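# Structural overview for review
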Amino acid sequence: LWVLFASVRSLTSTQESLVYASRVTRRENPGQGVKYAVVAVSTVLLLGSVILLAGNYQAARGRIALLENRYEEARAALDTALRLDPLSASLYFDRAKLQETMVQEKLQPEASLAKVRELMEQGLGYDRFNPNLHYLYGAFLIRYGPLDKGLEELKQAVKLQPLVLDGVLYASLFEVVQEHG
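Residues numbered from 1 in each chain as written. Predicted model: local features only at pLDDT ≥ 70, side-chain atom pairs only at ≥ 80, totals over all residues. Heavy atoms only, no water.

## Details of the overall build of the protein chain
Across its full length, the protein chain carries nine helices and zero strands. The order of helices and strands in the protein chain, counted from the N terminus, is α-α-α-α-α-α-α-α-α. Counting every position in the protein chain, which comprises 181 residues, the buried fraction comes to 35%. Sequence separation of 24 or more characterises 44% of the internal contacts of the protein chain that already satisfy a separation of 6 or more. For the protein chain, the accessible area works out to roughly 11,100 Å², and carbon and sulfur atoms hold 60% of it. (Helix = DSSP H or I, 4+ residues; strand = E, 2+ residues; numbered from the N terminus. Buried < 20%, exposed > 50% of the residue type's maximum accessible area, 1.4 Å probe, protein only. Contact = heavy atoms within 4.5 Å. Areas by Shrake-Rupley, 256 points an atom, 1.4 Å probe, with all protein chains shown as cover.)

## Here we look at the packing of aromatic side chains
Under the defined criterion, the tally for this structure stands at two aromatic pairs. Pairing Tyr-92 with Tyr-126 gives two aromatic rings, centres 5.5 Å apart and planes at 25°, and the pair type is stacked. Placement of the pair is Tyr-92 in helix H5 (residues 89–104) and Tyr-126 in helix H6 (residues 113–126), with a sequence separation of 34 residues. By relative accessible area, Tyr-92 is classed as buried at 7%. By relative accessible area, Tyr-126 is classed as partly exposed at 40%. For the ring pair Phe-140 and Tyr-144, a centre distance of 5.0 Å and an interplane angle of 45° mean the geometry is tilted. In this pair, Phe-140 and Tyr-144 both sit in helix H7 (residues 131–144), four residues apart, roughly one turn of the helix. (Phe/Tyr/Trp six-rings, centres within 6.5 Å; stacked < 30°, edge-to-face > 60°.)

## So, the pattern of salt bridges
On inspection of all chains with the given rule, the structure shows eleven salt bridges. In this structure, Asp-94 engages Arg-63 in a salt bridge whose closest nitrogen and oxygen atoms are separated by 2.6 Å. Taken together, the positions of Asp-94 in helix H5 and Arg-63 in helix H3 (residues 30–67) put the pair 31 residues apart, joining distant regions of the chain. The salt bridge partner of Lys-155 is Glu-152, with a shortest N-O separation of 3.4 Å. One end of the pair is Lys-155 and the other is Glu-152, both in helix H8 (residues 147–160) and three residues apart, which spans about a single turn. Judged by its relative accessible area of 44%, Glu-152 is partly exposed. Where salt bridges share partners, they join Arg-61, Glu-68, Arg-70 and Glu-73 into one cluster. (Salt bridge = Lys/Arg side-chain N within 4 Å of Asp/Glu carboxyl O.)

## Remarks on the packing of H6 against H7
Packing of H6 against H7 brings their axes to within 10 Å, and their N-to-C directions diverge by 155°. It follows that H6 is roughly antiparallel to H7 by the angle criterion. In the packing of H6 onto H7, the handedness of the crossing is left-handed. When H6 is examined against H7, the residues Leu-113, Val-116, Arg-117, Met-120, Glu-121, Gly-123 and Leu-124 are found in contact with a partner set consisting of Leu-133, His-134, Leu-136, Tyr-137, Phe-140, Leu-141 and Tyr-144. When its residues are assigned to classes, the contact of H6 with H7 shows ten nonpolar, two polar and two charged. (Axes fitted to C-alpha atoms, helices over the stretch in contact; angles between N-to-C directions. Parallel < 35°, antiparallel > 145°, perpendicular 65-115°, else oblique. Left-handed = near helix turned anticlockwise from the far one by under 90°. Nonpolar A, V, L, I, M, F, W, Y, C, P; charged D, E, K, R; others polar.)

## Concerning the packing of H5 against H6
Two elements in contact, H5 and H6, have axes whose closest approach is 8 Å; the angle formed by their N-to-C orientations is 165°. Taken together, the axis directions place H5 and H6 in an arrangement best described as roughly antiparallel. Crossing geometry of H5 relative to H6 is assigned as left-handed. Residue-level inspection shows Ala-89, Tyr-92, Phe-93, Arg-95, Ala-96, Gln-99, Glu-100 and Val-103 of H5 in contact with H6, the latter providing Leu-113, Lys-115, Val-116, Leu-119, Met-120, Gln-122, Gly-123, Leu-124 and Tyr-126.

This is the structure we're talking about:
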C-alpha cells in the first residue's frame, strides 16, 4: 500500500517508492501510518467511483443519442464511456449495436460488420455468464452468419437462463430458427 501511495506522490522509481514506504512505516507514531493508509485507499476508491460514474453518464448519453438517430454523438459518447470503463461488457454491445445500425442505415460499409462481431466477442470476453449477451450475439450471427455459431450462442443463452421467461423465449426462438433455418 505504501508503495502505491509513494507512486501516487510521483516518485520516479520502484526503489524510491520502497525506500519511502519503509521510512513511513517506521514512524514513532504508528497510528499516523494507518491514517495515511486510510487516506490513500479512500482516495483511490473515490477516484475509481468518479470515473465509473462518468462512464455511466457517457453510456446513457450514447444510448439516448442512438435511440434518437444521432449517430456521431452516440459514437463519441460510447467511445468515451469505453475509455472510462473498459471492462463493461454491455458497453461493447452498445457500441456494436451503434455500428450495426450505421451499416443498416447505409452510413457504414458492410465490411464494418466485422467490427460489430469483434466488439461483441470482446464484450462476451468480459461477461461469459450473461445470457442476454449470448442471445444478442447469437441473433447477430443468425442475421449475418455463420448460422451454426449463432445457434450455439442461443443454446448457451438458454443453458445460462433456462427457467426464466427470457430463457423460454430464447428456447422458442432457437426452435423456430432450427426448423426454418
